[in-house]
Amino acid sequence: MSRIVTVRDIYLSYNVHTGLFSRQLVKAVNGISFDLKRNEMLSVIGHNGSGKTTTLSIVAGIMKPDLGEVMVKGRVVPFLGLGIGFNPELTARENVFLYGAIMGFSRKHTHEIYDAVVEFSELKDYMNLKIKEFSTGMYVRLGFSVAIYTNPDILIIDEVLAVGDVHFQRKCLETINKIKSKGTAIMFVSHDMGLVSRFSDRVILLNKGRIMKEGDPDEVIQTYMDMQENSPMLQKSRRGSGEIEITKIELNKEDRGYQNDEEVTVSVHYKKNSNAKEGIFGFAFTDENGVVICGPNTKDYANTLIEFKDEGEVEFSFKPIALNPGKYFLTAAFYDSTNRFPYDHIDHAEYFVLKGLKKKHLGIMRLPVKWMIK
Amino acid sequence: MDFFTRNANLLLELIKSDLKSKYKNTILGFLWILFEPLFIMVILYLVFNKFIRFQMDHYPMFILAGVTIWRFFINTTSQSIFIFYRNREMILKVRIPRLLLPFSVVLSNLVITFCEYIIYFILFFITGMKFSWTMLLFFPYLLLFALFTAGVSIILALIYPFFRDIKPGWEIFSQALFFLCPIFYPFEIVPYRFIHLYLLNPVAVFVLGVHDMLYYGVITDTTILVNSVFFALTFFIVGIFLFMINEEKMVKSI
């Protein structure tokens, strides 16, 4: 296998203006080295702001590192953050030709690949539409199609496949695999760990502009998942009249780690700041992406109103039976008896971590399934 | 030059897309290139032949010669000023020689201006003015002016990502420049003691040159020619130089 990309000790920082005369230095990439070979797919994972896109931009030759060396042999075709530099005022057809010219093709050469691009994108009837009239999905489809037909030596894909429909996503992945076997090297960024695990040969985990871990996909992904458990990502936010005030939220396990069949018990302490008599208590939990798993409250689930004391406590418990391992956030709230006006509502006030299976399965839960293979 | 031959195809596509997006949604399309100078001519004719008069023959033609080159300058610079910013999608997503962006604006406007001067020549014959072959020297002179405009455009486009104030600032400044050009009045009315100050305005120098070639039909005098070359080369070289040292910074801040 031959080396096609060599990155040695690159640094890149930029100034962010925080006011008229004040600015802050952001070190986006802080000493990264890696190699990429032909026929290889290298994935880069990490939190937002860990330097993934900047690193890819440097490999693509879009940005120059402040320090360090980048050697790239062959044609790099970047597809970064859904963009491929289309001009929204031009039609899809004109944009294909413009892109061809950007890639250094003659008009004749672009003509030769044009039909194949259109067929792959399945957008034949839309080629005379302006790009600004395209949906995001169509945009990505056209972008990916034209990028793939420029016959890249190195293809850079940043969070692109999250948009298209399932059918097109599969087609893309198949094509990526095909060109990979023909010698193209691929750099891939995705937040979908399932995809990363299934398709990568090697994974790099970035944190604060440095490589935290590099190597076997599943091992690196596991490190990343553990890292996520240690850093709450969802922002706490609070609203409400304050007539009832949540003073403390306690979980029955101090380390916040639970198994699927273990009971999670939460007690919520409150105090009364007004003459509010009765109301509703509710909680919700969401996964790390903010998707609400469920949101029970005392009225809907038990048809009970709480009679408020000066100081009191509400305790609830549940078993997270079928949920996937990961981090979950708890929202707790007191509402008035109509369930419309919040007294105190704290989003993502607490969190717990479900342990168990090493690998995350697709989706948010594991359904008990009976398999029959005939 | 090597830069241009290597990127000729891309430059051509950029110019085409620039012209297309300018005229695409209009009913008249590319006919606007013809109509604009004609309209201006009609208005100039009505206003300056019937209401206000300087004691000059073919006064509207005098204005048209100057106003057209001014329009080239002002249209190009005001489009270029946010060319990097407006194309940040392209700059940040694919690798292209970014200097092509201001160049494509200059060249697409040059195409339009060229057509407008063709109209000028047609009107020139219709109004029965006296043609001389030296008038054709105007076309290389227009290229020289394009070089100057390209320099100014690159400098403005570089400043914009860092200081947005440059846009309103340039609008006011260019208005001042306009009135300090001998477009609506002959150069002769500028008081003698201000002449040196007046000729510090590069656009005024070029307008003088254009008048000599297109209106008076003479070869412009050496001072104007030397000054034109000086301004064109200085601004162009300074523009390219500033671009080379600030390109990476600009990419980071758009």
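The structure presented is a predicted model; accordingly, all values stated were derived computationally and were not measured. (Residues numbered from 1 in each chain as written. Chains lettered and ligands numbered in written order. Predicted model: local features only at pLDDT ≥ 70, side-chain atom pairs only at ≥ 80, totals over all residues. Heavy atoms only, no water.)

**Looking at the overall build of chain A**
Here comes step 1: Scanning chain A for helices and strands turns up eight helices and 19 strands.
Here comes step 2: In terms of overall dimensions, chain A has C-alpha extents of about 80 × 65 × 45 Å along its principal axes.
Here comes step 3: Counted over contacts in chain A with a minimum sequence separation of 6, partners at least 24 positions apart contribute 72%. (Helix = DSSP H or I, 4+ residues; strand = E, 2+ residues; numbered from the N terminus. Contact = heavy atoms within 4.5 Å.)

**Here we look at the interface of chain A and chain B**
Here comes step 1: On the chain B side, the residues contacting the 32 residues of chain A number 22 residues.
Here comes step 2: Approximately 2200 Å² of surface area, both sides summed, lies buried where chain A meets chain B, with 55% of it carried by carbon and sulfur atoms.
Here comes step 3: The largest share of the area that chain A buries against chain B comes from Ile62, Leu98 and Ile102 of chain A, three residues that together contribute 24% of it.
Here comes step 4: Viewed at the interface, chain B and chain A are joined by four salt bridges.
Here comes step 5: Close ionic contact of Asp66 of chain A with Lys252 of chain B constitutes a salt bridge, the shortest N to O distance being 2.9 Å.
Here comes step 6: Seen at the junction of chain A and chain B, the total is nine residue pairs in polar contact (both at pLDDT 80 or more).
Here comes step 7: Listing elements by their share of the side of chain A that touches chain B, those giving two or more residues are β1 (3–17) and α2 (92–102) of chain A.
Here comes step 8: In terms of residue count, the dominant contributor to the side of chain A that touches chain B is α2 of chain A (six residues).
Here comes step 9: When grouped by side-chain class, the residues that make up the side of chain A that touches chain B number 18 nonpolar, eight polar and six charged. (Buried area = accessible area lost by both parts, 1.4 Å probe. Salt bridge = Lys/Arg side-chain N within 4 Å of Asp/Glu carboxyl O. Polar contact = N/O pair within 3.5 Å; in protein donor to acceptor, adjacent residues only side chain to side chain. Nonpolar A, V, L, I, M, F, W, Y, C, P; charged D, E, K, R; others polar.)

**Some words on helix α3 (residues 107–121) of chain A**
Residues and elements named next belong to chain A.
Here comes step 1: Between the first and last C-alpha of α3 there are 20 Å, a value that for 15 residues agrees with the 21 Å anticipated at 1.5 Å per step.
Here comes step 2: For α3, the principal kink sits at Ile113 and spans about 40°.
Here comes step 3: Buried within α3 are the following residues: Thr110, Ile113, Tyr114, Val117, Val118, Phe120 and Ser121.
Here comes step 4: Here the buried face of α3 lies against α2, α4 (136–148) and α5 (166–181). (Expected span 1.5 Å × (residues − 1). Bend = angle between axes of the 7 residues up to and from the residue. Buried < 20%, exposed > 50% of the residue type's maximum accessible area, 1.4 Å probe, protein only.)

**Concerning the sheet that holds strand β13 (residues 264–272) of chain A**
Residue and element names in this part refer to chain A.
Here comes step 1: One open sheet accounts for three strands, arranged β11-β13-β17; its pairing is antiparallel. Where the open sheet ends on each side, the last strands, each with one partner, are β11 (244–251) and β17 (311–318). Within the sheet, the average angular offset between the axes of one strand and its neighbour, ignoring direction, is 20°.
Here comes step 2: When β11 meets β13, the two strands line up antiparallel, connected through seven bridges. (Pairing = 2+ DSSP bridges. Axes fitted to C-alpha atoms, helices over the stretch in contact; angles between N-to-C directions.)

**Observations concerning a nonpolar patch on the surface**
Residue and element names in this part refer to chain A.
Here comes step 1: A cluster of nonpolar side chains, contributed by Val291, Ile364, Met365, Leu367, Val369, Trp371 and Ile373, occupies part of the molecular surface with about 770 Å² of accessible area.
Here comes step 2: By secondary structure assignment, the location of Val291 is in the loop between β14 (278–287) and β15 (292–294).
Here comes step 3: Judged by relative accessible area, Val291 falls into the partly exposed class, the value being 40%. (Patch = residues over 30% accessible without salt bridge, like charges linked within 9 Å, V, L, I, M, F, W, Y side chains within 5 Å. Areas by Shrake-Rupley, 256 points an atom, 1.4 Å probe, with all protein chains shown as cover.)

**Quick look at the pattern of salt bridges**
All names here are of chain A.
Here comes step 1: Summed over the entire model, instances satisfying the criterion amount to 25 salt bridges over all chains.
Here comes step 2: Of the charged contacts, one joins Glu350 and Arg256 as a salt bridge, the two residues approaching to 2.8 Å between their closest N and O atoms. Remark: Arg256 occurs in the loop between β11 and β12 (257–258) and Glu350 occurs in strand β19 (residues 342–354); sequence separation between them is 94 residues.
Here comes step 3: In this structure Glu350 comes out as buried when scored by relative accessible area, which is 14%.

**As for unusual backbone geometry**
All names here are of chain A.
Here comes step 1: Even without being a glycine, Asp9 presents a positive backbone phi close to 55°.
Here comes step 2: For Asp9, the position within the fold is in strand β1.
Here comes step 3: The phi torsion at Asn39 lies on the positive side, around 60°, for a residue other than glycine.
Here comes step 4: Here Asn39 lies in the loop between β2 (23–37) and β3 (41–45).

**Remarks on the environment of Pro368 of chain A**
Here comes step 1: Locating Pro368 of chain A in the fold gives a position in the segment after β19.
Here comes step 2: When the C-alpha positions of Pro368 of chain A and Glu89 of chain A are compared, they lie 51 Å apart, and in sequence the two are 279 residues distant.

**Focus: the sheet that holds β2 of chain A**
All names here are of chain A.
Here comes step 1: An order of β2-β1-β4 is seen for the three strands of this open sheet, with the pairing classed as antiparallel. Edge positions in the sheet fall to β2 and β4 (67–72), since each has one partner strand and no second. For this sheet, the mean inter-axis angle between neighbouring strands, taken without regard to orientation, is 25°.
Here comes step 2: Pairing of β1 with β2, which is carried by twelve bridges, proceeds in the antiparallel orientation. Bridge pairing in β2 links Val5 to Leu36.
Here comes step 3: Contacting β1, β2 and β4, helix α1 (residues 52–59) runs over the sheet at an angle of about 60° to β2.

**Notes on the confidence of the model for chain B**
If pLDDT is low for a region, its predicted coordinates should not be looked at in detail.
Residue and element names in this part refer to chain B.
Here comes step 1: Residues with a pLDDT of 70 or more make up 98% of chain B, whose mean pLDDT is 89.
Here comes step 2: Within chain B, the lowest mean pLDDT, 71, falls on helix α1 (residues 2–6), and the highest, 96, falls on helix α8 (residues 138–159).
Here comes step 3: Predicted as a complex, the structure gets a pTM of 0.76 and an ipTM equal to 0.82. (pLDDT = per-residue confidence, 0-100.)

**Re helix α4 (residues 59–80) of chain B**
Here comes step 1: Here α4 of chain B contains 22 residues, and its C-alpha end-to-end distance of 32 Å stays within 8% of the 32 Å for a straight helix at 1.5 Å per residue.
Here comes step 2: The buried fraction of α4 of chain B is high, at 20 of 22 residues.

**Digging into the packing of aromatic side chains**
Here comes step 1: In total, this model carries 59 aromatic pairs over all chains according to the counting rule given.
Here comes step 2: Ring geometry for Phe86 of chain A versus Tyr139 of chain A: centroids 5.3 Å apart, planes at 70°, classification edge-to-face. Linking Phe86 of chain A in the loop between β5 (76–79) and α2 with Tyr139 of chain A in helix α4, this pair joins segments that are 53 residues apart in sequence. Like Tyr139 of chain A, Phe86 of chain A is buried.
Here comes step 3: When the centroid spacing of 6.2 Å and the interplanar angle of 90° are considered together, the rings of Tyr120 of chain B and Phe121 of chain B count as edge-to-face. Each member of the pair, Tyr120 of chain B together with Phe121 of chain B, is buried.
Here comes step 4: Its guanidinium or amino end placed over the ring of Tyr85 of chain B, Arg88 of chain B lies 4.2 Å from that ring's centre, counting from NZ or CZ.
Here comes step 5: Against the face of Tyr85 of chain B rests Arg164 of chain B, its NZ or CZ located 4.4 Å from the ring centre. (Phe/Tyr/Trp six-rings, centres within 6.5 Å; stacked < 30°, edge-to-face > 60°. Lys NZ or Arg CZ within 6 Å of the ring centre and 35° of its normal.)

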